[in-house]
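Structural characterization, general
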Amino acid sequence: RPEMDFIEGAQKLVSIDLRDSDVVDVLKFLSQKGKFNIYVSSRVQGRVTLFLENVRIADILDVILVSNNLAYYQRSSIVFVMTQEDYKARYGEDYSDPREFKLIKLKYASPSQVFKMLEPTKSSVGTIVIDEQTGTVILVDNPEKIKRMEEVIQEVDQALENRIFDLSYSKAADMQTLLNAKLGSQGVESIQADARSNQIVVTALPARMAEIEKMILALDRKTREVAIDTKIIKINLTDRHQQGVNLRHLFQSKVLSP
């Protein structure tokens, strides 16, 4: 698949609000924003509906081309866009882009949160585009990676649970510090300490709540007590108290010889 590094303005961020717009008009709009030349074949047809804020032009082009089964090649400073059928007829081979397009509407999770979790999963040719306003995630990648990212989204896009844990031995503030250090932020919205009632208030995904409960039970234990056996000896000092070596006693007991 040809890369878009040759497009000088491909990294430029743009915001678009398109409702059933003609794909040719959208491609021309992007070429104007990115300041690159484009030629669109007369056989290119399709409609585009996208609501995106501050997204790279290269990513938007990726989404439009893959979702509409289009191909492109670059010659000099011109980007030629055509159908994949025309590409094969012209060059005698299939357009070498094994990627698929998937648009997912999130129900609960934040798109920015999902993006952070998906970024390490995508391939080197993959593209992830999010839109906070509509809660949409757009995936462009090979089928295997798309499937894995869908599984990640399914795990994350769930309604958060709220639980209150009563502590028997630990202080709420100390427990909050320990949990934040051990759990991290993945799947955990917040961990709050209520010092007055000595409770921990947790908001997290259901899959992580069981782990958090287990960890709290393990940490909230009574401190072990150490028994120390001591004896108190009372000593009265008087004028008759003497300290030193009794040489006479040593000679009499024959410990020392004269």
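My aim in this report is to walk through the structure given alongside it, one point at a time. Note that this is a predicted model, so its numbers are computed, not measured. (Residues numbered from 1 in each chain as written. Predicted model: local features only at pLDDT ≥ 70, side-chain atom pairs only at ≥ 80, totals over all residues. Heavy atoms only, no water.)

1. Some remarks on the nonpolar core
Note the threshold: Working definition of a nonpolar core: buried Ala, Val, Leu, Ile, Met, Phe, Trp, Tyr and Cys residues. They are joined through side-chain atoms within 4.5 Å. Only protein chains enter the calculation, and the probe is 1.4 Å; a residue is then buried if its accessible area is under 20% of its type maximum, exposed if over 50%, and partly exposed in between. Numbering of helices and strands runs from the N terminus; a helix is a DSSP stretch of H or I covering at least four residues, while a strand is a stretch of E covering at least two. The contact definition used throughout considers only heavy atoms, calling two residues in contact when any of these lie within 4.5 Å.
With 35 residues, the main nonpolar core has Val23, Leu50, Leu52, Ile60, Ile64 and Val81 as its most contacted residues. For this core, the element with the highest residue contribution is helix H2 (residues 57-67), accounting for 7 residues. Non-local contacts of Val81, meaning those with residues more than four positions away in its chain, are made with Leu27, Ile38, Tyr39, Val40, Ser41, Val44, Leu65, Leu70, Ala71 and Tyr72. Core analysis: the next-biggest nonpolar cluster, separate from the first, contains 15 residues, Leu167, Met175, Leu179 and Ile216 among them.

2. Some points on helix H7 (residues 206-219)
Heads up, the rule is: The span one expects for a helix is its residue count, reduced by one, times 1.5 Å. The arc in question is formed by the directions pointing from the helix axis toward the C-beta atoms.
If you check H7, its first and last C-alpha atoms are 20 Å apart, about what 14 residues at 1.5 Å a residue would give, namely 20 Å. For H7, the full list of buried residues reads Arg208, Met209, Ile212, Met215 and Ile216. Looking down the long axis of H7, one finds its buried residues gathered within 130 degrees of arc, a one-sided arrangement. For H7, the exposed residues lying more than 90 degrees away from the buried face are Ala207, Ala210, Lys214 and Leu217. Lining the buried residues of H7 we find strand E9 (161-166), helix H6 (172-183), strand E10 (188-194) and strand E11 (199-204).

3. Concerning the sheet that holds strand E6 (residues 100-105)
Applicable threshold: Strand pairing is defined by DSSP finding a minimum of two bridges between the two strands. Angles shown run from 0 to 180 degrees and are taken between the N-to-C directions of axes, each axis being a line fitted to C-alpha atoms and, for helices, limited to the stretch in contact.
Read from one edge to the other, the open sheet built from 3 strands follows the order E6-E8-E7, with strand pairing classed as antiparallel. Sheet topology places E6 and strand E7 (127-131) at the edges, where each strand pairs with a single neighbour. Averaged over all neighbouring strand pairs, the angle between strand axes comes to 15 degrees, with direction disregarded. Judged from the 5 bridges that link them, E7 and strand E8 (residues 136-141) form a sheet pairing that is antiparallel. Residue pairing for E8: Ile128 is matched across the bridge by Leu139. Packed on one face of the sheet, helix H5 (residues 143-156) meets E6, E7 and E8 and runs near 155 degrees to E8.

4. A closer look at the pattern of salt bridges
Selection rule: The rule for a salt bridge is simple: a side-chain nitrogen of Lys or Arg has to be within 4 Å of a carboxyl oxygen of Asp or Glu.
Enumeration over the complete set of coordinates arrives at 11 salt bridges. Of the charged contacts in the structure, one is a salt bridge between Asp20 and Arg47, with a shortest N-O distance of 3.4 Å. Linking Asp20 in strand E1 (residues 13-22) with Arg47 in strand E3 (residues 47-56), this pair joins segments that are 27 residues apart in sequence. In this structure, Arg148 engages Glu151 in a salt bridge whose closest nitrogen and oxygen atoms are separated by 3.3 Å. One end of the pair is Arg148 and the other is Glu151, both in helix H5 and 3 residues apart, which spans about a single turn.

5. A look at the layout of surface pockets
Put simply, the test is: Using a 1 Å grid laid over the protein atoms alone, points where a 1.4 Å probe fits but cannot get out form a cavity; open sets with protein on both sides within 12 Å along at least 5 of 7 lines form a pocket; any residue with an atom within 4 Å of a point counts as lining. Grid points are joined across faces, edges and corners, and a volume is the space filled by probe spheres set on the points.
In this structure, the second largest pocket spans a volume of roughly 170 Å³. If you trace the second largest pocket, you find it lined by Gln113, Lys116, Met117, Ser185, Gln186, Gly187, Val188 and Glu189. Sorting the residues of the lining of the second largest pocket by element identifies helix H4 (111-118) and E10 as the ones contributing at least two each. Sorting elements by how many residues they give to the lining of the second largest pocket places H4 first, with 3 residues.

6. Structural notes on the packing of H4 against H5
Rules: The cut-offs work like this: below 35 degrees is roughly parallel, past 145 is roughly antiparallel, 65 to 115 is roughly perpendicular, and the gaps in between are oblique. Note: crossing handedness is left-handed where the near helix turns anticlockwise from the far helix by less than a right angle, and right-handed where it turns clockwise. Amino acids are sorted into nonpolar (Ala, Val, Leu, Ile, Met, Phe, Trp, Tyr, Cys and Pro), charged (Asp, Glu, Lys and Arg) and polar (every other residue, Gly among them).
Where H4 meets H5, the closest approach of the two axes is 10 Å, and the angle between their N-to-C directions is 135 degrees. As the angle between them shows, H4 and H5 are arranged oblique. Viewed along their axes, H4 and H5 form a crossing whose handedness is right-handed. Where H4 abuts H5, its residues Gln113, Val114, Met117 and Leu118 lie against Met149, Val152, Ile153 and Val156. Residues that form the contact of H4 with H5 fall into these classes: 7 nonpolar, 1 polar and no charged.

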